[in-house]
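Listed below are the residues making up each chain.
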Amino acid sequence: MLSAAVVVSTSAFAQSPIVIKFSHVVANDTPKGKAALRFKELAEKATNGRVKIEVYPNSTLYKDKEEMEALQLGAVQMLAPSLAKFGPLGVKEFELFDLPYIFPGRDVLDDVTQGAIGKELFKKLEPKGITGLAYWDNGFKVMSANKPLHLPADFKGLKMRIQSSKVLDAQMRVLGANPQVLAFSEVYQALQTGVVDGTENPPSNLYTQKMYEVQKYVAMSNHGYLGYAVIVNKKFWDGLPADIRSALDGAMKETTKYANTIAQQENDSAMEAIRKSGKTTVYNLTDEEKTQWRKALLPVQKQMENRIGKDLITAVNQESAKLGYK
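Residues numbered from 1 in each chain as written. Predicted model: local features only at pLDDT ≥ 70, side-chain atom pairs only at ≥ 80, totals over all residues. Heavy atoms only, no water.

## Some details on the overall build of the protein chain
Filter applied, for reference: Helix and strand assignments follow DSSP, with helices taken as H or I runs no shorter than four residues and strands as E runs no shorter than two, numbered in order from the N terminus. It is over C-alpha atoms that the radius of gyration is taken, and the globule rule equals 2.2 Å times the number of residues to the power 0.38. Burial here depends on accessible area, computed with a 1.4 Å probe over protein chains only, as a share of the maximum for the residue type. Under 20% is buried, over 50% is exposed, and the range in between is partly exposed.
Broken down by element type, the protein chain carries 14 helices and 11 strands. Against the globule reference of 20 Å for 326 residues, the protein chain gives a C-alpha radius of gyration of 20 Å, in line with a compact fold. Dimensions along the principal axes, computed over C-alpha positions, put the protein chain at roughly 70 × 40 × 30 Å. Here the protein chain, with 326 residues, has 52% of them falling under the buried criterion.

Okay, here's the thing in structure tokens:
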């Protein structure tokens, strides 16, 4: 009977295209949006049409808080959530990526995501019914608000939008701000109406969601990182024919190279467009101001040791030291 079921299952895969619904919350013209479309193109080509990728951008299928549950239930097969989303799922180690100034350079970040640490983090998703396929870059975050943010004291009393993350909550609190958790799709209106005073984002998100139109100042702080994990429903993935899974893996590897190459280009272009718009004042922090930010935010690493894991934080800092960072 089991043998017959396998034959029927394989036959069903052969008869009609396997549909993979790929849901995400950002626009098509962001690094993640473009990468999702590139994966669709490469995956359908690599499988000779045996797989059809349906991409649903801009929260058209599921919002921030809904998509992870939808994946686990099998209502959608693929997501690319920001790394902050795994903390609320119970895999707190992923909140490592939210720690301010944990990655002093992109080379440290690459060592972590492409090496043993990144692989171990993906293994922790499997008991949740999730398989991790790749890490996609977006970039380092800037702060925006309706007042200049030059020093930590400037944050005092501001309502700052964050993703749902204990680390980001702690980050804003040590700066003296009041963190407000909001879905990504709700941020523009919240900024426009004064529900929140400011937020943090890579430039590409700030630009494509038009948040810069309702923020007077942008500080080029590069204080934190925003990246994504491309994930699939484990049961669905394990149930695919081996040759299909192999072809999709190959398409994902090629897409990841593309995604991580364009991320910095997209952020640079977005920042230039924001500057040219004249709608917001963009400024760099001085060396002294950067020192003050780091000094204020460094205690967050210590605060989060019990949550994320002291050994994990130490391992990343050791990667930094190996690459010559102090």
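## Brief notes about the layout of surface pockets
Put simply, the rule reads: Cavities and pockets were defined on a 1 Å grid built over protein atoms only: a cavity is a set of grid points that admits a 1.4 Å probe from which the probe cannot escape, a pocket is an open set flanked by protein on both sides within 12 Å along at least five of seven lines, and lining residues are those with an atom within 4 Å of any such point. Grid points are joined across faces, edges and corners, and a volume is the space filled by probe spheres set on the points. Residues are sorted three ways: Asp, Glu, Lys and Arg are charged, Ala, Val, Leu, Ile, Met, Phe, Trp, Tyr, Cys and Pro are nonpolar, and all the rest, Gly among them, are polar.
Approximately 490 Å³ is the volume attributed to the largest pocket. Taken together, 21 residues make up the lining of the largest pocket; nearest its centre are Tyr101, Ile102, Phe103, Pro104 and Arg294. Elements with a minimum of two residues in the lining of the largest pocket: α11 (287-297) and α14 (310-322). The element that contributes the greatest number of residues to the lining of the largest pocket is α11, accounting for 4 residues. Gln114, Leu133, Ala134, Tyr135 and Thr256 are the residues nearest the centre of the second largest pocket, which is lined by 15 residues in total. At the level of secondary structure, the elements contributing two or more residues to the lining of the second largest pocket comprise α4 (106-114), α5 (116-123), β4 (130-140) and α10 (242-277). Looking at which element gives the most residues to the lining of the second largest pocket, the answer is α10, with 6 residues. In terms of residue class, the lining of the second largest pocket is built from 5 nonpolar, 6 polar and 4 charged.

## Looking at α5
Within an α-helix, residues lying three or four positions from one another point in the same direction, as the helix has 3.6 residues per turn. Rules: Comment: arc refers to directions from the helix axis out to C-beta atoms. In this description, contact between two residues means that some pair of their heavy atoms is separated by no more than 4.5 Å.
Of all the positions in α5, only Ile117, Gly118, Leu121 and Phe122 are classed as buried. Along α5, the residues classed as buried sweep out an arc of 135° about the axis, all on the same side. Every exposed residue of α5 that faces more than 90 degrees away from the buried side is listed here: Ala116 and Lys119. On its buried face, α5 is in contact with α4, β4, β10 (225-233) and α14.

## Describing the sheet that holds strand β11 (residues 281-284)
The cut-off we apply is this: Should DSSP find at least two bridges between two strands, the strands are taken to pair. Orientation is described by lines fitted to C-alpha atoms, with helices fitted over the stretch in contact, and by angles between N-to-C directions that extend from 0 to 180 degrees.
Read across the sheet, 6 strands follow the order β7-β6-β8-β5-β9-β11 without closing on themselves; strand pairing throughout is mixed. Because the sheet does not close on itself, it has two edges, and the strands there are β7 (178-181) and β11. Neighbouring strand axes in the sheet, compared pairwise and without regard to direction, differ in orientation by 25° on average. Sheet analysis places strand β5 (residues 142-145) next to strand β8 (residues 198-201), joined by 4 bridges and oriented antiparallel. Looking at the pairing, Val142 lines up with Asn201 of β8. The strands that helix α6 (residues 166-174) touches are β5, β6 (159-162), β7 and β8; relative to β6, the one it contacts most, it runs at about 160°.

## A look at the environment of His150
Inspection of the secondary structure assignment puts His150 in the loop between β5 and β6. When its relative accessible area of 28% is taken as the criterion, His150 is described as partly exposed. Separated by 118 residues in sequence, His150 and Asp268 place their C-alpha atoms 21 Å apart. Residues contacting His150, with those up to four places away along its chain left out, are Tyr283, Leu285, Glu289 and Trp293.

## Details of the nonpolar core
Worth spelling out the cut-off: What we call a nonpolar core is a set of buried Ala, Val, Leu, Ile, Met, Phe, Trp, Tyr and Cys residues that are connected through their side-chain atoms within 4.5 Å.
Of all hydrophobic cores here, the largest spans 45 residues; its most connected members are Phe22, Phe39, Ile53, Met78, Trp136, Leu248 and Met252. For this core, the secondary structure elements donating two or more residues are β1 (18-23), α2 (31-46), β2 (51-56), β4, α7 (187-193), β9 (217-220), β10 and α10. Excluding residues that lie within four positions of it along the chain, Phe22 makes contacts with Ala36, Phe39, Ile53, Glu54, Val55, Tyr56, Val76, Met78, Leu79, Ala80 and Trp136. Of all hydrophobic cores here, the second largest spans 37 residues; its members include Phe122, Leu125, Phe140 and Ile313.

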